[in-house]
Amino acid sequence: MNIYVGNLSPEVTEDDLRQAFEAFGEIASIKIIKDKFSGETRGFGFVEMPVKDEAQSAIDGLNGKDLKGSTLNVNEGRPRPEGRRQGGGRPGGGRPGGGRPGGGRPGGARRGGGRPGGGHRI
């Protein structure tokens, strides 16, 4: 069972989660989610426990408990919605023209009214 663990203190490590969860049974994997640019924790993670009864015991035993100064929010992880891509990004397809050189203007033209030399009057 995939278990969501929220409201993690920035000081919590995967080893800290392992120690908390292994009291309830076997752990298949642990992952604290981090910001891909700064590397800082995003305040949540996931613990995979193969035995459903053990996982449910961990949820019941750890939800609302304190770990390094933060009250844990522990519940069954929900599957990701279909069609959602990883890494976030902007909805709606990003930049006009798909970010291609020329900004998607006909003929790859830049702003400037079509004047030779970039469109600036001297």
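**Q** Is there a simple way to explain the pattern of salt bridges in this structure?
**A** A side chain of one charge can pair with a side chain of the opposite charge when the charged atoms of the two come close. Applying the stated criterion across every chain, the model contains one salt bridge. In this structure, the salt-bridge partner of Asp16 is Lys68, at a minimum N-O distance of 3.0 Å. A residue pair is termed long-range when its members are at least 10 positions apart, and Asp16 in helix α1 (residues 14-22) and Lys68 in the loop between β4 (66-67) and β5 (70-71) qualify at 52 residues.

**Q** I'm lost on helix α2 (residues 52-62) in this one. Help?
**A** What sets the pattern is the α-helix's 3.6 residues per turn: residues three or four places apart point alike. Turning to α2, its buried residues are Ala55, Ala58, Ile59 and Leu62. For α2, the buried positions fall inside an angular range of 100° around the axis, keeping them on one side. Turned more than 90 degrees away from the buried face of α2 sit Asp53 and Asp60, all of them exposed. In this structure, the buried side of α2 is in contact with β1 (2-6), α1 and β6 (73-76). Gly64 occupies a position one or two residues after α2 and carries a positive phi of about 85°.

**Q** What's the story with the pairing of strand β3 (residues 41-48) in this structure? I'm lost.
**A** In the case of a regular strand, side chains alternate between the two sheet surfaces. Bridge analysis of β1 against β3 gives five bridges, and the strand direction is antiparallel. Considered in β3, the bridge of Gly6 is made with Phe44. Across five bridges, the pairing between strand β2 (residues 29-34) and β3 is antiparallel. Residue pairing in the sheet places Ile30 in a bridge with Val47 of β3. In sequence, β2 turns back onto β3 through a hairpin of six residues, with Gly39 there showing a positive phi of about 80°.

**Q** What's the story with the nonpolar core in this structure? I'm lost.
**A** Burial of nonpolar side chains together is a common tendency in soluble globular proteins. Core analysis: the biggest nonpolar cluster contains 20 residues, and Ile3, Val5, Leu17, Phe21, Val47 and Val74 have the highest contact counts within it. Residue contributions to this core peak at four residues, all from α2. Apart from residues no more than four positions distant in its own chain, Val74 is found in contact with Ile3, Tyr4, Val5, Phe21, Ile59, Leu62 and Asn63.

**Q** Sorry if this is basic, but what is going on with the packing of aromatic side chains here?
**A** Any aromatic ring pair is given by two values, namely how distant the centres are and how the planes are angled relative to each other. Scanning the entire structure with this criterion turns up three aromatic pairs. Note on Phe44 and Phe46: the rings are 6.0 Å apart at their centroids and 90° apart in plane angle, and the pair reads as edge-to-face. Taking relative accessible area as the criterion, Phe46 reaches 25% and is therefore assigned partly exposed. In this structure an aromatic cluster arises from ring pairing among Tyr4, Phe44 and Phe46.

**Q** Quick question: what am I supposed to make of the sheet that holds β3 here?
**A** Hydrogen bonding along the main chain pairs the strands of a sheet, whether they run parallel or antiparallel. The strand order across the open sheet built from four strands is β2-β3-β1-β6, with neighbouring strands paired in antiparallel fashion. Each having just a single partner strand, β2 and β6 make up the two edges of the open sheet. On average, each strand axis in the sheet is inclined to that of its neighbour by 20°, with strand direction left out of account. Note: β1 against β6, four bridges, orientation antiparallel.

Conventions used here
- Residues numbered from 1 in each chain as written.
- Predicted model: local features only at pLDDT ≥ 70, side-chain atom pairs only at ≥ 80, totals over all residues.
- Heavy atoms only, no water.
- Salt bridge = Lys/Arg side-chain N within 4 Å of Asp/Glu carboxyl O.
- Helix = DSSP H or I, 4+ residues; strand = E, 2+ residues; numbered from the N terminus.
- Buried < 20%, exposed > 50% of the residue type's maximum accessible area, 1.4 Å probe, protein only.
- Arc of directions from axis to C-beta.
- Contact = heavy atoms within 4.5 Å.
- Pairing = 2+ DSSP bridges.
- Core = buried A, V, L, I, M, F, W, Y, C linked by side-chain atoms within 4.5 Å.
- Phe/Tyr/Trp six-rings, centres within 6.5 Å; stacked < 30°, edge-to-face > 60°.
- Axes fitted to C-alpha atoms, helices over the stretch in contact; angles between N-to-C directions.

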